[in-house]
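Each chain, letter by letter, is given below.
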Amino acid sequence: MTVATLNQTSLQEKVTQLKEKKNAVILAHYYQEPEIQEVADFIGDSLELAKKAAQTSADIIVFAGVHFMAETAKILNPSKKVLLPDLKAGCSLADSCPPDAFRELKKRYPDHVVVTYINCSAEIKTLSDIVCTSSNAERIINSIPQDKPIIFAPDKNLGKYLMEKTGRKMLLWDGACIVHEAFSLDKLLELYKEHPSAQIIAHPESETHILKVANYVGSTSGMLNYVKSSEKDTFIVATEAGILHQMQKDVPWKTLIPAPAKEDNTCACSECAFMKMNTLQKLYNCLEKEDLEIILSQDLMEKALVPIERMLKLS
Ligand code: 13P
Ligand code: SF4
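Notes on the structure follow.

Rules and cut-offs
- Residues numbered from 1 in each chain as written.
- Chains lettered and ligands numbered in written order.
- Predicted model: local features only at pLDDT ≥ 70, side-chain atom pairs only at ≥ 80, totals over all residues.
- Heavy atoms only, no water.
- Pairing = 2+ DSSP bridges.
- Helix = DSSP H or I, 4+ residues; strand = E, 2+ residues; numbered from the N terminus.
- Axes fitted to C-alpha atoms, helices over the stretch in contact; angles between N-to-C directions.
- Contact = heavy atoms within 4.5 Å.
- Near = heavy atom within 4 Å.
- 1 Å grid on protein atoms, 1.4 Å probe; cavity = no way out; pocket = protein on both sides within 12 Å on 5 of 7 lines; lining within 4 Å.
- Sits in = over half its atoms within 2 Å of the grid points.
- Nonpolar A, V, L, I, M, F, W, Y, C, P; charged D, E, K, R; others polar.
- Buried < 20%, exposed > 50% of the residue type's maximum accessible area, 1.4 Å probe, protein only.
- Points joined across faces, edges and corners; volume = space filled by probe spheres on them.
- Arc of directions from axis to C-beta.
- Core = buried A, V, L, I, M, F, W, Y, C linked by side-chain atoms within 4.5 Å.
- Right-handed = clockwise from strand over helix to strand, strands pointing away.

Considerations on the sheet that holds strand β1 (residues 24-29)
- Strand order in the open sheet formed by 4 strands is β2-β1-β3-β4, and the pairing between neighbours is parallel. What marks the edges here is a single partner per strand, and that holds for β2 (42-44) and β4 (81-83). For this sheet, the mean angle separating the axes of adjacent strands, direction not counted, is 20 degrees.
- Here β1 pairs with strand β3 (residues 60-64) via 5 bridges, running parallel. The residue bridging Ala 28 from the neighbouring strand is Ala 64, located in β3.
- Its contacts with the sheet put helix α3 (residues 46-55) on β1, β2 and β3, and the angle it makes with β2 is roughly 145 degrees.

Okay, here's the thing in structure tokens:
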């Protein structure tokens, strides 16, 4: 064992002891560093993590993910301490939808039902009728009466995909995820030529041309389950590279190839710089000091809870 892995192991042990002592739970997204995923009590996609946050009896939730995810956990648990190892861990998609501009859009279309993807700020959630995630978005859209026009925000790629799937025309906010927009179709097709028996699987935040060539489109958990249950043995994975850790653990005998990014000639993978702001050391520090806490006003939490609860009821 190298010194680095030894230190890592002892830090992981310290995190485990501390979380037991403090009755804390660690919820981690699949895009987190492997050493964080290894100490987590639960790893999941956005919907599963929100559900776990709603059910936990722990006193402290350490959310190893990005800000909007930790905010959702706080909204679901206003009396609990929710910690984020790095409070600057944001999301390009959430940032692409500023509340003032969104309020203006809503004013222009007062008869529209507002559906927002969970990757948005708590303030945007207060302006929403219902929230959705990548794993329940189709069901949420289908739950809205056919005669009701819809605003969908902030992800235009997921929005376009949903329009195609549900046959509903929606007014789309022009937002996107920098990681999922980075995949190159040309390089993906070149890679596919080298692996003609591979299945292409993609997250719906990817651009339409990537989704069109995918054999499967779904949330991070959906992609994981697809790889586990498929009879195929080779997959080209178009989402953030962090998911490969859990995927490879689940199916060590299968070949998983990260989809190539446009600008990237070196590692052929895409990483979310926001997700990767969290480190094991930062996680330990925040649990020890209990200082990097998500603080939201009571009023904001009460208003943002309404569209989240509507989603959970339908999920
Ligand atoms: P999932 O809900 O599919 O895990 O997606 C979260 C996310 O941020 C994807 O970029
Ligand atoms: Fe946001 Fe994209 Fe990172 Fe997901 S991968 S957290 S959508 S920036």
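Quick notes on the site of ligand 2
- What surrounds ligand 2 is the set Tyr 31, Val 66, Cys 91, Ser 92, Asn 119, Cys 177, Val 179, Glu 205, Cys 272, Phe 274 and Met 275.
- For ligand 2, the cavity whose grid points lie within 2 Å of the majority of its atoms is the largest cavity.
- Its residues placed into classes, the shell around ligand 2 shows 8 nonpolar, 2 polar and 1 charged.

Here's the deal with the side chain of Ser 230
- With respect to the helices, strands and loops of the structure, Ser 230 is situated in the loop between α12 (220-229) and β11 (234-238).
- With relative accessibility at 15%, the residue Ser 230 sits in the buried group.
- Non-local contacts of Ser 230, meaning those with residues more than four positions away in its chain, are made with Phe 235 and Lys 254.

Remarks on the layout of surface pockets
- Reported here for the largest pocket is a volume of approximately 160 Å³.
- Lining the largest pocket are 13 residues, and of these Ser 134, Ser 135, Glu 138, Tyr 161 and Val 217 lie nearest its centre.
- At 4 residues, helix α9 (residues 156-166) tops the list of elements feeding residues into the lining of the largest pocket.
- In the lining of the largest pocket, the residues fall into 6 nonpolar, 4 polar and 3 charged.

Side note on helix α14 (residues 280-289)
- Along α14, the residues classified as buried are Leu 280, Leu 283, Tyr 284, Cys 286 and Leu 287. Take α14 and look down its axis: the buried residues cluster within an arc of 170 degrees, on one side only.

Regarding empty space enclosed by the protein
- One pass over the structure, following the stated rule, counts 2 cavities of 30 Å³ or more.
- Its boundaries defined by the atoms lining it, the largest cavity holds a volume of some 230 Å³.
- As for the largest cavity, its lining consists of 26 residues, and the residues nearest its centre are Tyr 31, Met 69, Asn 119, Glu 205 and Met 275.
- Split into classes, the residues belonging to the lining of the largest cavity amount to 13 nonpolar, 10 polar and 3 charged.
- In this structure, the second largest cavity encloses a volume near 60 Å³.
- Mapped onto the lining of the second largest cavity, the elements with two or more residues apiece are α3 and α4 (67-76).
- Partitioning the lining of the second largest cavity into residue classes produces 6 nonpolar, 2 polar and no charged.

Describing the nonpolar core
- In this structure, Phe 63, Val 115, Phe 152, Ile 236 and Met 311 are the most contacted members of the largest nonpolar core, which totals 66 residues.
- Here this core takes 6 residues from α4, the largest share from any one element.
- For Met 311, the contacting residues outside a window of four places in its chain are Leu 47, Ile 118, Ile 130, Val 131, Cys 132, Thr 133, Asn 136 and Ile 140.
- In terms of nonpolar packing, the next biggest core, distinct from the first, is built from 32 residues, Val 39, Ala 40, Leu 224 and Leu 280 among them.

Brief notes about the pairing of strand β7 (residues 150-153)
- Side chains of β7 alternate between two faces, with Ile 150 and Phe 152 and Ile 151 and Ala 153 buried alike.
- Pairing analysis gives 4 bridges linking strand β5 (residues 113-117) to β7, with the strands arranged parallel. Within the sheet, the bridge partner assigned to Thr 116 lies in β7 and is Ala 153.
- Direction of pairing for β7 relative to strand β8 (residues 170-172): parallel, over a ladder of 3 bridges. From the neighbouring strand, Ile 151 faces β8, where its bridge partner is Leu 171.
- Handedness of the crossover joining β7 and β8 through α9 is recorded here as right-handed.

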